[in-house]
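A closer look at the structure
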Amino acid sequence: IIMEYGFQVADYVVCGLVIMTSIGIGLYHACSGGRQSTTLEYHLGNRNLQVIPVMLSLMVTSQSSILLIGVPAEVYIYGIMPLFGAVGFSLAYLLSSRIIIPLIHPMKITSVNEYFECRYKTRHVRFFMTFLGAFFWVLYLGIITYGLATAIESVIGVPVWISIIAVSGSSMIYVSLGGIKAVVWTDVFQYCIMMTAVLAVLIKGSIFAGGGTNVANVNIEARRLQSFEFRVDPTIRYTVWNAVIGGTFKLIAFPMTQSAVQRIGCMPTIKDAYRMYYLIAPFIFATFVLSGAQGFVAYAFFDKLRCDPIESRMIKNANQIIPHMVVRLFYHLPGLSGVFIAGLFCATMSTISSGYSALSAMTLEDFVKIRFKSITEFQATVVSKITVVIFSVITTAMAFLMANVKGTLLQLASVLLSIPMAPYTGIFLYSIFCSWATSLGAIIGGVVSLLFYIWLSMGQTFTQPPNLTVRLPPAPTDMCPAPLNGSFLYDPYINNASTTSVPDISIPYQPEGVEKFYAMSFQWFDMLVIAITILIASIASLIIGRPKQDDVDVRYMLSFTDQFLPFLPKKVKNWISFGSTIGERRAKLIDEEKRKREQQEILIEKSNSSSEQIKSINSAETEYESKTKISEDKV
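The text that follows walks through the structure, step by step, so that each part is easy to find. Fair warning: this is a prediction, and the values are worked out from it, not measured in the lab.

1. Considerations on the pattern of salt bridges
- A complete count under the given rule lists 13 salt bridges for this structure.
- Two residues, Glu-229 and Arg-231, come together in a salt bridge whose shortest N-O distance is 2.8 Å.
- What makes Glu-229 buried here is its relative accessible area of 15%.
- With a relative accessible area of 39%, Arg-231 lands in the partly exposed category.
- Several salt bridges share partner residues, and in doing so they unite Glu-117, Arg-123, Arg-126 and Asp-366 into one network.

2. With respect to the packing of helix α3 (residues 51-61) against helix α9 (residues 160-208)
- Orientation of α3 relative to α9, taken along the N-to-C sense of each, is 70°, at an axis distance of 8 Å. Between α3 and α9, the angle falls in the class roughly perpendicular. Between α3 and α9 lies a crossing of left-handed hand. Residues Pro-53, Val-54, Leu-56, Ser-57, Met-59, Val-60 and Thr-61 of α3 form the contact with α9, whose participating residues are Val-183, Val-184, Trp-185, Asp-187, Val-188, Tyr-191 and Met-194.
- Within the contact of α3 with α9, the residues separate by chemical class into 11 nonpolar, two polar and one charged.

3. Focus: the nonpolar core
- Ranked by size, the top nonpolar core spans 166 residues in total, and within it Tyr-76, Tyr-115, Met-276, Tyr-277, Phe-302 and Phe-428 carry the most contacts.
- Residues within four places of Phe-302 in sequence aside, it is in contact with Tyr-76, Cys-307, Pro-309, Ile-321, His-324, Met-325, Arg-328 and Ala-475.

4. A closer look at the side chain of Thr-186
- Along the chain, the position of Thr-186 falls in helix α9.
- With relative accessibility at 0%, the residue Thr-186 sits in the buried group.
- When near neighbours in sequence (up to four residues on either side) are disregarded, Thr-186 contacts Ser-22, Ile-25 and Tyr-174.

5. Structural notes on the environment of Phe-249
- With respect to the element layout, Phe-249 can be found in helix α11 (residues 240-251).
- For Phe-249, a relative accessible area of 30% corresponds to the partly exposed category.
- When the C-alpha atoms of Phe-249 and Leu-528 are compared, they prove to be 9.2 Å apart, with 279 residues separating the residues in sequence.
- Other than its neighbours up to four places away in sequence, Phe-249 contacts Asp-526, Met-527 and Ile-530.

6. Examining the environment of Ile-322
- Counting through the fold element by element, Ile-322 comes out in helix α14 (residues 321-329).
- Spatially, the C-alpha atoms of Ile-322 and Gly-295 are 7.6 Å apart, while their sequence positions differ by 27 residues.
- Sequence-distant contacts of Ile-322, that is, excluding residues within four places in its chain, are made with Leu-68, Pro-72, Gln-294, Gly-295, Ala-298 and Phe-340.

7. Considering the packing of helix α10 (residues 212-221) against helix α13 (residues 270-305)
- Where α10 contacts α13, the axes come no closer than 9 Å and their chain directions differ by 85°. One element, α10, and the other, α13, form an angle in the roughly perpendicular class. Note on element contacts: α13 touches α10 through Phe-296, Val-297, Tyr-299, Ala-300 and Asp-303, opposite Val-215, Val-218 and Asn-219.
- In terms of residue class, the contact of α10 with α13 is made up of six nonpolar, one polar and one charged.

8. Comments concerning helix α15 (residues 336-371)
- With 36 residues, α15 extends 51 Å between its outermost C-alpha atoms, agreeing within 8% with the 52 Å of an ideal straight helix rising 1.5 Å per residue.
- Of all bends in α15, the biggest is about 35°, found at Leu-364.

9. Description of the state of the cysteines
- Tallied over the entire structure, the rule returns one disulfide.
- The partner cysteine of Cys-307 in its disulfide is Cys-480, sulfur to sulfur 2.2 Å. With the S-S bond torsion at 110°, the cross-link from Cys-307 to Cys-480 turns out right-handed. Taken together, the residues span a long stretch of sequence, with Cys-307 in the loop between α13 and α14 and Cys-480 in the loop between α19 (439-463) and α20 (492-496) at a distance of 173 residues.
- Cys-480 gets classed as buried once you look at its relative accessible area, which sits at 11%.
- For Cys-15, which is in no disulfide, the shortest distance to another cysteine sulfur is to Cys-346 and amounts to 9.0 Å.
- Residue Cys-15 is classed as buried on the basis of its relative accessible area, which comes to 8%.

10. Some points on the environment of Asp-233
- On the secondary structure map, Asp-233 appears in the loop between α10 and α11.
- Looking at Asp-233, its side chain comes within polar contact range of the side chain of Thr-235, at 2.7 Å.

11. Considering a nonpolar patch on the surface
- Together, Phe-228, Phe-230, Val-232, Trp-241, Ile-245 and Phe-249 line one region of the surface with nonpolar side chains, adding up to about 580 Å² of accessible area.
- As for its placement among the helices and strands, Ile-245 is situated in helix α11.

Rules and cut-offs
- Residues numbered from 1 in each chain as written.
- Predicted model: local features only at pLDDT ≥ 70, side-chain atom pairs only at ≥ 80, totals over all residues.
- Heavy atoms only, no water.
- Salt bridge = Lys/Arg side-chain N within 4 Å of Asp/Glu carboxyl O.
- Buried < 20%, exposed > 50% of the residue type's maximum accessible area, 1.4 Å probe, protein only.
- Axes fitted to C-alpha atoms, helices over the stretch in contact; angles between N-to-C directions.
- Helix = DSSP H or I, 4+ residues; strand = E, 2+ residues; numbered from the N terminus.
- Parallel < 35°, antiparallel > 145°, perpendicular 65-115°, else oblique.
- Left-handed = near helix turned anticlockwise from the far one by under 90°.
- Contact = heavy atoms within 4.5 Å.
- Nonpolar A, V, L, I, M, F, W, Y, C, P; charged D, E, K, R; others polar.
- Core = buried A, V, L, I, M, F, W, Y, C linked by side-chain atoms within 4.5 Å.
- Expected span 1.5 Å × (residues − 1).
- Bend = angle between axes of the 7 residues up to and from the residue.
- Disulfide = S-S within 2.5 Å.
- Polar contact = N/O pair within 3.5 Å; in protein donor to acceptor, adjacent residues only side chain to side chain.
- Patch = residues over 30% accessible without salt bridge, like charges linked within 9 Å, V, L, I, M, F, W, Y side chains within 5 Å.
- Areas by Shrake-Rupley, 256 points an atom, 1.4 Å probe, with all protein chains shown as cover.

On their own, these measurements won't tell you what the molecule is for.
In structure tokens, the structure reads:
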């Protein structure tokens, strides 16, 4: 089947309207309310935003274009196993709600790194964590911007550099103008567009392939729906264990990042913050699965066309598989291709805008306000807006750099983003749960684990050891068209050979020595590095000298057993906690604060009651005097 396809006028109009609407939301919030004149309003929305919009904003921040094109690409190549990452994503938010919310919300902080200064009474760990956080956001925004640009290039032929500048510039405009309110409400709008695009692809693609039942049958025949892997071999790319357990540790960093802390700070009460995290878990699970299901639809689509675009070299990499399908699928329905590309724009801009806001808040709180303590609210707000512009330039440069890195978008993000975030998460957990933690131990553990991760990722990149999991059989290529004007690379053997046979999906390979580390699946990297961070930091703290239990401020710590194992007997919990009394002391402190609040409420009620009585007496006296005067006037 030979099809001519491309982007039409209606598609350009849809994309343009989406971008202009996003900018318009930023302009509206720049001119409404307090006009973003204070840092409290600019970064935290005056701590009075609604749960559902903020929940959707946080959710799309952690998804981006990786979800729309990276996850389906992995499903297209490896089958159902990548979808188990949805379980890890949901568990990450549910578990982190027991960690981050009870600590951060009562502190009323703007930057997450302020916590570390309160915890250790020094700024060294705070600055180190600020560096890791900023490093993460610059990498993350560069990767997703590059992902969008490659998708746009495959669909309409727009050069990568134009797409990068367009999406970065648009996000920079509405974030710098409207602050966190613009980010949140733009994210809500963009999530609706993004899900509309996903549903349109699933519905229309299934209809084209012969219905949902036929899509399932085609993928079953190609081993994509029954390729469950339960082996515990760490070198297998996807197993149930590394997708769920490893995925949870890989993704638990997102609910602890600066953007998440800002969303927690936007909530009026701690109950609202909990509600937000509990709602994210099912929403993010459903969104992840629906987006990944596009990979199954794409395989059935190209199986019916009998032309796999990867095997026939019609596209440059797997990240372009969904955009390539979309323009062919919606060619006779003007505007729908534009909806999908608009969804990609939305998925990317939502994350970029949150990243700009997070970087701006960290720069202000962790550097500017520390250096210039007399800075006014107006000056601080101006600085925040300027830093948004500066970081937009930096992340744009990073996106151009990512254009030279190979691999699917999901793998690229999983490996590179973990370089700063695995040590970041390890230090966070070490600081929260370990009563023996010291600032020097945290830094030593973070540096060692950071260097270890760089060594591990570089070793895997340069040696490229074979992996036990190889891609599943592609769709047939016997009906692929010949190249026109060199529009795609052409291999006569590939284009004339049918690939309907199903090869063995595993190859014998036994790594030895250091290759065992290099051959490890990227799904396990974070769990390993987090464990190394906590272990090295703990050893360093014990060598240096652990602080006394009574000297540890329990307001900035949690008991692991109280948060996750409250049902255990007290003796067992003490044994697991190494005899730590943090949980008991924190419980007493919370009870004391609760009693103080209740006493204050009683005093306020009495004061209000007394005020009402005084007003009643004064009113009665005034009424009596008025009646007396009237009587005198009559006399």
